[in-house]
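Take a look at the letters that make up each chain.
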Amino acid sequence: MTDAFYEKFQKELSLLSIDLEKSKLDKFYQYFEILVEWNKVMNLTTITEMDEVISKHFVDSLSLVKVVNDMDTKGYSMIDVGTGAGFPGIPLKIAFPQLQITLMDSLNKKVNFLNEVIEKLDLEGICAIHGRAEDLGRDVKHREQYDLCVSRAVANLSTLSEYCMPFVKVGGSFIPYKAGKIEDELAEAKHAVFLLGGKIEMTELFLLPGTEAERSLIKINKTSGIPKKYPRKAGSPSKEPLK
Ligand code: SAM
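The text that follows walks through the structure, step by step, so that each part is easy to find.

Analysis parameters
Numbering of residues starts from 1 in each chain and follows the order in which that chain's sequence is written. In keeping with the predicted nature of the model, local features appear solely for residues at pLDDT of at least 70, side-chain atom pairs appear and are counted solely at 80 or more, and the whole-chain, interface and lining totals rest on all residues. Based on all heavy atoms of the structure, the side-chain values leave hydrogens and waters out of the count. Any Lys or Arg side-chain nitrogen located within 4 Å of an Asp or Glu carboxyl oxygen qualifies as a salt bridge. A run of H or I in DSSP counts as a helix once it spans at least four residues, and a run of E counts as a strand once it spans at least two, with each numbered from the N terminus. Relative accessibility decides the category of a residue: with a 1.4 Å probe and only protein chains considered, values under 20% of the type maximum give buried, values over 50% give exposed, and everything between is partly exposed. A helix is expected to reach a length of 1.5 Å times the quantity of its residues less one. Residue contacts are defined here by distance: any two heavy atoms, one from each residue, within 4.5 Å place the two residues in contact. Between any two strands, pairing holds if DSSP finds at least two bridges. Orientation is described by lines fitted to C-alpha atoms, with helices fitted over the stretch in contact, and by angles between N-to-C directions that extend from 0 to 180 degrees. Here a polar contact is taken to be a pair of N or O atoms separated by no more than 3.5 Å, where protein atoms must pair a possible hydrogen donor with a possible acceptor and residues adjacent in sequence count only if both atoms sit in side chains.

Next up on the list: the pattern of salt bridges. Taken as a whole and assessed by the stated rule, the structure comprises 17 salt bridges. Note that Lys 8 is salt-bridged to Glu 12, the shortest N-O span being 2.5 Å. With Lys 8 and Glu 12 both in helix 1 (residues 3-14) and four residues apart, the pair spans about one turn of that helix. On the basis of relative accessibility, which here comes to 5%, the residue Glu 12 falls in the buried class. Note that Lys 74 is salt-bridged to Asp 70, the shortest N-O span being 3.3 Å. Take Asp 70: its relative accessible area is 19%, and that puts it in the buried class.

With 13 residues, helix 3 (residues 50-62) extends 17 Å between its outermost C-alpha atoms, agreeing within 8% with the 18 Å of an ideal straight helix rising 1.5 Å per residue. Turning to helix 3, its buried residues are Met 50, Val 53, Ile 54, Ser 55, His 57, Phe 58, Val 59, Asp 60, Ser 61 and Leu 62. Contacts from the buried residues of helix 3 go to helix 1, helix 2 (22-39), helix 4 (89-95), strand 4 (146-152), strand 5 (168-179) and strand 7 (214-222).

What follows covers the sheet that holds strand 5. Strands sit in the order 3-2-1-4-5-7-6 across an open sheet of seven strands; the sheet is mixed. This sheet does not close on itself; its edge strands, each paired only once, are strand 3 (126-130) and strand 6 (198-207). For this sheet, the mean angle separating the axes of adjacent strands, direction not counted, is 20°. Strands strand 5, strand 6 and strand 7 of the sheet are contacted by helix 8 (residues 183-195), whose axis makes an angle of about 150° with strand 6.

Below, the discussion takes up the environment of His 142. Within the element layout of this structure, His 142 appears in the loop between helix 6 (133-136) and strand 4. For the pair His 142 and Lys 199, spaced 57 residues apart in sequence, the C-alpha to C-alpha distance is 21 Å. Filtering out sequence-adjacent residues up to four positions away, His 142 remains in contact with Ile 129, Leu 136, Pro 166 and Phe 167. A polar side-chain atom of His 142 sits 2.8 Å from a polar atom in the side chain of Tyr 146.

Here's what the structure looks like:
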């Protein structure tokens, strides 16, 4: 691991009050190397420059600590819907190994990449599955099975709520990662969230450490069981978002 990687990452982590031991920082560096290597032959991310990967992928993923402050002690079960190259799920797993994580994506080649990362980094209590949220959300193995559901850069909040809320246990939370201010998106999705058994508890607006980029995390609590008709068939939540 280069000193520059270590110094920049630690500095930004300290702004989130996260202190990681060297063995975990080494795993992040290994992940960075595998990401850049695989990205030469498949389209995983447009962000490959080291400083940017640190801020926009690693630190951004870990900013969940702003709304869930006990991930280091609680063994929450978590699903990451539309994880792509593993964000935010893999950084969360490396930093907080107690989490039990399911990474999910509709593109199988991304799942192959995720399995390579899991194996090379020797991660346990994490798996990668291939499928669409609309289908897996109806599967009893996944429906209402998770304490937490996270998702970054997958869809607008109404569509995303229909993808994600089916996975959350009553009493658990769905926490979407959003860029910038989200008042309008939130207002548009409010009724959809209600129909899906959720209640918006809070939103946290902040600057991504070390940058001027605005981020929002929304904590949506699952207060009642999800009606049987949701999620609708694959494609419907994005074509006709719930209103
Ligand atoms: N979450 C990652 C991140 O922030 O870097 C990836 C974001 S990428 C823009 C969106 C990902 O969502 C893609 O990998 C895509 O295959 C996946 N995706 C889109 N619709 C999906 C669906 N209905 N079910 C599962 N995955 C989906």
